[in-house]
Amino acid sequence: MMQAEDARYLKRKVKGGSIDVHPTEKALVVNYELEATILGEMGDPMLGERKECQKIIRVKGLHEDSDLSTLAKEIIEKCKLIHPSKLPEVEQLLYYLRNRKETAPAIVSGKTKLSDKPGDPAFGDGTEVDEVANINDVDEYLEMLYEELPEKVKGCALILQLARNPDNLEELFQNETVVSALVRLLREEWKRSTDLATNIIYIFFCFSSFSSFHAVILHFKMGTLCMTIIQHELKKHELWQDELNKKKKAADADKNNTKLKDDYEKSLKKYEGLVRKQEQLLRVAYYLLLNLAEDLSVELKMRNKGIVRMLVNTLDRNNFELLILVVSFLKKLSIFFENKKEMVDLNIVEKLTKLVPCEHEDLLNITIRLLLNLSFDPDIRSKVIKFGLLPKLVNLLTNENHRHLVLSILYHISMDDKAKSMFTYTDCIPIAMKMLLESSEKPLIQLLALCINLAANKRAAQLICEGPGLKLLMKRAFKFKDPFVMKMIRNLSQHTGPSKNLFIDYISDLCSHILKWENEDFSLECLGILGNLTIPDLDYELILKEYNLIPWIKNKLQPGAAEDDVVLEVVILVGTVCSDDACAKLLADSNIIHLLIELLNAKQEDDEVVCQIVYVFYQMIFHEATREIIIKETQAPAYLIDLMHDKNAEIRSVCDNTLDMIGEFDEEWAKKIQLEKFRWHNSQWLEMVESRQVDEFADSAYMYPDEPGFDPYLQDADILDRPDLFYEGYENNGHLTPEYIDDAGTYGDFYLQQPYGYETDDPYVRPEGHLGFAPDGHPPDVFGRGLDPYGSDYGQYLNADPEKNPMYRDYGYR
């Protein structure tokens, strides 16, 4: 085995290869072969290795007026890998690059493959060196890290070349000295040089591409250091912008001052160069953090240190590559509620408006994905409309690359009732209808969901039904037996107006599918449409007879005969057809009411079914032919009384209206309804009175066990026939005395005239001599009270006249 001390010399040999153009950029790719040979003490080759390498020469300034011959000579002079004999070939490649069309992505209608992940950061100005790095020279590069700043930048750039090759990562990682030196250098020198910081972070980004290296990266706290650097750079950018804006304002204020104008242009050029370098640094730093955020615990630490705010602030940049990375990071963070809330507070929706649409397809796609994650929040959906994103999203429906995502966002927006009407001010409805009618047998589920939601809006429904819209939808629905399209049509049928009459032409098809009941979901929607056809001029009796629907309805109303949703729609249909007098009589004669009462017993917990059954009773009360059947022959009123105080407000409302109708036509039920309402409104008072009577009854039963006619219990008598409960203690020979309370609301003069300290066993018992009634032969006074039946002297005493009654004066009253 060769020993290390045996190797005395290292011989390198570079052999030039072919030259080609870069597939996407304006650049030449130079292929070459590097041969490294280790020579022994005597100069004999001991170990050799060959490696295929590439060098990229960018020619960004290439344009139509470029002198290709001069440019080719300049490239050959600066790049020693190209032999001068290849000058014509270089010129030809430059000519091809100049005439080649730009490959920058643009918005197209065709579908292209989009990247789900940001591309690797490209080489920056400080990362390119002419020298080709070799893994065997790592120690030399390490020594360069201890030299002056330019040597440090170069040494980091050479190590970066090695790190970009995954085959070298393990060997570099094993060299603890190099890794520690890079971390120390970054901590101490990152403020001095953007290129130095970019190169070192880029090296650790290469390590972060593999999860096995994450532990060591976190050990050196590279994530925290990167966030510190990012925060510092963002503050620097704000200062640059403020300074540039001041110079721009000064130049604009004095346009004749050429010095101010030149100063601004010079500052602008410098600013653009600084921003370009800074954005390269931000990109590699964010990418390193994104890779480390693979661990949710690490992501949480980043969130606590303000990564969301940093990312949102970076959205103001114009660098497509940086924006793709930032939006991708935000998309990853947006799945958590806390992060989403912070994004909303930072007004992220407004910042994203400039990216929708944009020329870069990958950036547009990832932005739409972020909006989709955010659109689950109703507040964010309202902001999407507020900042004018809705029409922009609708226009993207024509782009196949984003159609699926855009439909999902539009579906989320359409869930809000207030937002549905906003779609009518865009081209969404015609585009969606065209997509639906031209699609295959199974359209996109997002498209169907969007159309179903839009059909629930009256104005949108009118636009859908315009022209042959409803006819085409019906044709498609019946052709493919599509329950989703039929659900959309069902939503269209619920709106009042001219569009409802369009459904009359399809009653025959609807009834036939209901009776066949082959596809349950489809037939259920047909049944729902038929139940929505509340058209005054429609002959429901003819429909029931022609299609023999009554036996089918009775069968479905049998308890347990059908699913709950089917039963509900059948009850709704019964309520719809009952608006017709003849039809209501037909259903009543068919024993439908009794079936509904049985169903009411069976479905007491289902509020929807109960409410619709009560509505059927309400409809039948209106018709004289069925009113008597409801009131006299069924127990429907009793059930309605039980439901009068249901917890569901809609059920209570329909019950009250129905019972009011019943009370108008039947005195007996009117009294029962009145009693129940009284019991309900005074339940607390009645409970107190009843408990008091029970106590009194216990004492009386002990004292008078054989007393006949003693009936203390409220439930055994009509509460409205128990006036003693209202005026307990104010009675005389069976007469009540409500008149005893005078117009001022007081209890007459008697209590006002009693001396202080007046006591009685019961303060509410009135004296028998002042009942407030006019005795026979004594007309009432001006207040409606009886005159004194015992003469004026007694009245003077009661009126406390001290002049006429000395005894009263002696008590000290004056």
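Thresholds, definitions, all that
- All residue numbers refer to position in the chain's written sequence, counted from 1.
- Predicted model: local features are reported for residues with pLDDT of at least 70 only, side-chain atom pairs are reported and counted for 80 or more only, and whole-chain, interface and lining totals are derived from all residues.
- Heavy atoms throughout the structure, all of them, feed into the side-chain values; hydrogens and water do not.
- By definition, any uninterrupted DSSP run of H or I lasting at least four residues is a helix, any uninterrupted run of E lasting at least two residues is a strand, and each is numbered from the N terminus.
- Relative accessibility decides the category of a residue: with a 1.4 Å probe and only protein chains considered, values under 20% of the type maximum give buried, values over 50% give exposed, and everything between is partly exposed.
- What makes two residues a contact is simply this: any of their non-hydrogen atoms within 4.5 Å.
- Accessible areas in this description were obtained via Shrake-Rupley with a 1.4 Å probe; residue shielding takes into account the shown protein chains only.
- Patches here are clusters of residues that have more than 30% relative accessible area and form no salt bridge, with a 9 Å joining cutoff for like charges and a 5 Å cutoff for nonpolar side chains (Val, Leu, Ile, Met, Phe, Trp, Tyr).
- Between Lys or Arg on one side and Asp or Glu on the other, a salt bridge is scored when a side-chain nitrogen of the former is within 4 Å of a carboxyl oxygen of the latter.
- As used here, the term nonpolar core means buried Ala, Val, Leu, Ile, Met, Phe, Trp, Tyr and Cys residues forming a set that is joined through side-chain atoms within 4.5 Å.
- Planes of paired rings set the category: under 30 degrees apart is stacked, over 60 is edge-to-face and the rest tilted, where pairs are Phe, Tyr or Trp rings (Trp by its six-membered ring) whose centres lie within 6.5 Å.
- We count a charge as sitting over a ring when the NZ of a lysine or the CZ of an arginine lies within 6 Å of the ring centre and within 35 degrees of the ring normal.
- UniProt positions are given in the numbering used here, feature names are shortened, and annotations may be inferred rather than shown by experiment.
- On a scale of 0 to 100, pLDDT captures the predictor's confidence in every residue.
- Axis definition: a line fit to C-alpha positions, over the contact stretch in the case of helices; interaxial angles, taken between N-to-C directions, run 0 to 180 degrees.
- Just so you know how the angles are binned, under 35 degrees is roughly parallel, over 145 roughly antiparallel, 65 to 115 roughly perpendicular, and the rest oblique.
- Handedness of a helix crossing follows the sense of rotation of the near helix relative to the far helix, less than a right angle counterclockwise being left-handed and clockwise being right-handed.
- Only four residue types enter the tally: Lys and Arg on the positive side, Asp and Glu on the negative side; His and the chain ends are excluded.
- All charge positions are set by atom: Lys at NZ, Arg at CZ, Asp at CG, Glu at CD.

Visitor: In this structure, what is going on with the overall build of the protein chain? I would like to understand it.
Guide: From N to C terminus, the protein chain includes 42 helices and five strands. Expressed as a percentage of its 814 residues, the buried residues of the protein chain come to 44%. A sequence separation of at least 24 residues applies to 67% of the contacts in the protein chain between residues at least 6 apart. Counting only carbon and sulfur atoms, one obtains 50% of the accessible surface of the protein chain, whose full area is about 45,100 Å².

Visitor: Where do I start with unusual backbone geometry in this structure?
Guide: Leaving glycine out, the prevailing phi sign among residues is negative, and the prevailing peptide bond configuration is trans. For the bond from valine 356 to proline 357, the omega torsion is -5 degrees, close enough to zero to count as cis. Here the phi dihedral of asparagine 548 falls at roughly 50 degrees; this positive angle occurs in a residue that is not glycine. Looking at where asparagine 548 falls in the secondary structure, it is placed in the loop between helix H29 (540-546) and helix H30 (549-557). You will see that asparagine 591, though not glycine, has its phi angle at about 70 degrees, which is positive. Its place among the elements puts asparagine 591 in the loop between helix H32 (581-589) and helix H33 (592-602). For asparagine 591, a relative accessible area of 37% gives the class partly exposed.

Visitor: What exactly am I supposed to notice about a nonpolar patch on the surface here?
Guide: A contiguous nonpolar patch, built from Leu296, Ile335 and Phe336 and spanning about 300 Å² of accessible area, is present on the exposed surface. Isoleucine 335 gets classed as exposed once you look at its relative accessible area, which sits at 59%.

Visitor: Help me understand the nonpolar core, please; the structure alone is not making it clear to me.
Guide: Within soluble globular proteins, side chains that are nonpolar generally end up buried alongside one another. Phe204, Tyr286, Ile307, Ile348, Leu410, Ile489 and Ile553 are the most contacted members of the largest nonpolar core, which totals 204 residues. If we ignore the near neighbours within four places in the chain, the residues touching isoleucine 307 are Met227, Tyr286, Leu289, Met302, Phe329 and Leu333.

Visitor: Can you help me understand the packing of aromatic side chains in this one?
Guide: Note on aromatic pairs: each is described by the distance of the centres and the angle between the planes. For the coordinates displayed, the defined rule picks out eleven aromatic pairs. Ring geometry for phenylalanine 207 and phenylalanine 213: centres 5.3 Å apart, planes at 80 degrees, overall edge-to-face. Taken together through their ring pairs, the aromatic side chains of Phe173, Phe204, Phe207, Phe210 and Phe213 make up a single cluster. The aromatic ring of tryptophan 517 is capped on one face by lysine 556, whose charged end is 4.9 Å from the ring centroid.

Visitor: Just to check I follow, could you spell out the UniProt feature "transmembrane region" (unreviewed entry) in the protein chain for this structure?
Guide: As annotated in UniProt, the feature "transmembrane region" (unreviewed entry) corresponds to residues 200-220 in the numbering used here. Between the C-alpha atoms that bound residues 200-220 the distance is 13 Å, and the span itself is 71% helix and 0% strand.

Visitor: Honestly, the confidence of the model for the protein chain in this entry has me stumped. Any pointers?
Guide: In this model, the protein chain carries an average pLDDT of 80, and 77% of its residues clear a pLDDT of 70 or more. Across residues 1-8, confidence stays below pLDDT 50; counting only partners more than four residues off in sequence or on other chains, it has eleven contacts. Note that pLDDT drops below 50 for residues 103-112; the model gives that stretch 22 contacts with residues more than four away or on any other chain.

Visitor: How should the pattern of salt bridges be read in this particular structure?
Guide: Side-chain pairs of opposite charge can arise where the charged atoms are in close proximity. Under the defined criterion, the tally for this structure stands at 25 salt bridges. The salt bridge involving arginine 303 is made with glutamate 342; its shortest N-O contact spans 3.6 Å. Residue arginine 303 is located in helix H11 (residues 296-304), and its partner glutamate 342 is located in helix H14 (residues 337-345); the two are separated by 39 residues in the primary sequence. Since its relative accessible area comes to 26%, arginine 303 is described here as partly exposed. Between glutamate 525 and arginine 490 there is a salt bridge whose closest N-O contact spans 3.3 Å. On the criterion of sequence distance, the pair formed by glutamate 525 in helix H28 (residues 520-532) and arginine 490 in helix H25 (residues 483-493) is long-range, its members being 35 residues apart. We classify arginine 490 as buried; its relative accessible area is 18%. Each of Lys487, Arg490, Glu525 and Glu569 takes part in a single network of salt bridges with overlapping partners.

Visitor: What am I meant to see in the packing of helix H7 (residues 194-208) against helix H10 (residues 258-292) here?
Guide: The description of two packed helices rests on the angle between their axes and on the distance between the axes. In the contact formed by H7 and H10, the axes pass within 9 Å of each other and the chain directions differ by 25 degrees. It follows from the interaxial angle that H7 and H10 lie roughly parallel. By crossing handedness, the relation of H7 to H10 is classed as left-handed. Counted together, Thr194, Asp195, Ala197, Thr198, Ile201, Tyr202, Phe204, Phe205 and Ser208 of H7 and Lys277, Gln278, Gln280, Leu281, Val284, Ala285, Tyr287, Leu288 and Asn291 of H10 form the full contact between these two elements.

Visitor: Explain a negative patch on the surface to me, please; I cannot follow it from the model alone.
Guide: Together, Asp139, Glu140, Glu143, Glu147, Glu148 and Glu151 give the surface a local cluster of negative charge. Tallying contributions element by element places helix H3 (residues 138-144) first for the negative patch, with three residues. Structurally, glutamate 151 is set in helix H4 (residues 149-163).

Visitor: Any chance you could explain a positive patch on the surface here in plain terms?
Guide: Together, Arg187, Lys221, Lys301 and Lys305 make up a positively charged patch on the protein surface. Along the chain, the position of lysine 301 falls in helix H11. When its relative accessible area of 57% is taken as the criterion, lysine 301 is described as exposed.

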